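Residue strings, one per chain:
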Amino acid sequence: QVQLVESGGGLVQPGGSLRLSCAASGFTFSSYAMSWYRQAPGKERELVARITSVVGITNYADSVKGRFTISRDNAKNTVYLQMNSLKPEDTAVYYCNANRLVYFREYDYWGQGTQVTVSS
């Protein structure tokens, strides 16, 4: 049974920091690219950050470059999102995603989301 369980969300003041965690189980974590997405009220879900499976290459949305850092610990089956210098526009539900393409078949898993609210 595949599970992605996010944690670490909450209420933070502008300029503050949070670290999100996503604990994975039920699949070979090290073989999957891991991503964080977010969805604000009334907006489309958007990719925030992604880290590849083996080499650990990262890429980020322009809106979070220099402020957010994605990392993974394959020994713990966990991916993290360190968020610094948070802004009100970062307020959203943040979702963890695992993705792998094997012989043209895509495996795609999602967590339930964790709320991040940036407000004074």
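For the structure, check the block above.
Fair warning: this is a prediction, and the values are worked out from it, not measured in the lab.

Rules of the game
- Note on numbering: residues in each chain are counted from 1, in written sequence order.
- Per-residue local features are limited, in this predicted model, to residues with pLDDT of at least 70; the limit for side-chain atom pairs, both in listing and counting, is 80 or more; totals at the level of whole chains, interfaces and linings are taken over all residues.
- As a rule here, side-chain values cover all heavy atoms of the structure and leave hydrogens and water aside.
- Numbered from the N terminus, helices here are DSSP runs of H or I no shorter than four residues, and strands are runs of E no shorter than two.
- Whether two residues touch is decided by their heavy atoms; if any such pair falls within 4.5 Å, the residues are in contact.
- Under the pairing criterion, centres of Phe, Tyr and Trp rings, with the six-membered ring standing for Trp, must be within 6.5 Å; the plane angle then separates stacked pairs below 30 degrees from edge-to-face pairs above 60, leaving the rest tilted.
- Accessible area is worked out with a 1.4 Å probe on protein chains only. A residue is then buried under 20% of its type maximum, exposed over 50%, and partly exposed in between.
- Each ring is checked for a lysine NZ or an arginine CZ that lies within 6 Å of its centre and within 35 degrees of its normal; such an atom marks a charge sitting over the ring.
- When DSSP finds two or more bridges between two strands, those strands count as paired.
- Here, axes are lines fitted to C-alpha atoms. For helices the fit covers the stretch in contact, and angles between N-to-C directions go from 0 to 180 degrees.

J.: What is the right way to look at the environment of Val-12 in this model?
T.: On the secondary structure map, Val-12 appears in strand E2 (residues 10–12). On a C-alpha basis, the gap between Val-12 and Glu-89 in space is 12 Å, while along the polypeptide they are 77 residues apart. Here Val-12 is in contact with Ser-17, Leu-18, Leu-86, Thr-117, Val-118 and Ser-119, once residues within four sequence places are set aside.

J.: Explain the packing of aromatic side chains to me, please; I cannot follow it from the model alone.
T.: Between two aromatic rings, the relevant description is the distance of the centres plus the angle of the planes. Scanning the entire structure with this criterion turns up 4 aromatic pairs. Aromatic pair Phe-27 and Tyr-32: ring centres 4.7 Å apart, planes at 65°, arrangement edge-to-face. Each of the two residues, Phe-27 as well as Tyr-32, counts as buried. Ring-pair connections join several aromatic residues into one group, and the members of that group are Phe-27, Tyr-32 and Tyr-109. In this structure, Arg-45 packs its charged tip against the face of Trp-110, placed 4.7 Å from the ring centre.

J.: Looking at this structure, I do not really get the sheet that holds strand E3 (residues 18–25). What am I missing?
T.: Two orientations exist for strands paired in a sheet by backbone hydrogen bonds: parallel and antiparallel. Read across the open sheet, the 4 strands follow the order E1-E3-E8-E7; overall the sheet is antiparallel. Looking at strand neighbours, the two that pair on one side only are strand E1 (3–7) and strand E7 (68–73), the edges of this open sheet. This sheet shows a mean twist of 15° between the axes of neighbouring strands, independent of strand direction. Where E3 and strand E8 (residues 78–83) come together, 6 bridges link them in antiparallel fashion.

J.: Would you mind going over the pairing of strand E5 (residues 46–51) with me for this structure?
T.: Here is the key point about a regular strand: its side chains alternate between the two faces of the sheet. Note that strand E4 (residues 33–39) and E5 share 5 bridges and pair antiparallel. Each residue of the ladder has a partner; that of Tyr-37, found in E5, is Leu-47. Taking the residues that link successive antiparallel strands as the turn, the E4-E5 hairpin has 6 residues, and the phi of Gly-42 there is positive, at about 80°. Bridge analysis of E5 against strand E6 (residues 58–60) gives 3 bridges, and the strand direction is antiparallel. Each residue of the ladder has a partner; that of Ile-51, found in E6, is Thr-58. If you look at the hairpin formed by E5 and E6, you'll find 6 residues sitting between the two strands, and Gly-56 has a positive phi there, around 80°.

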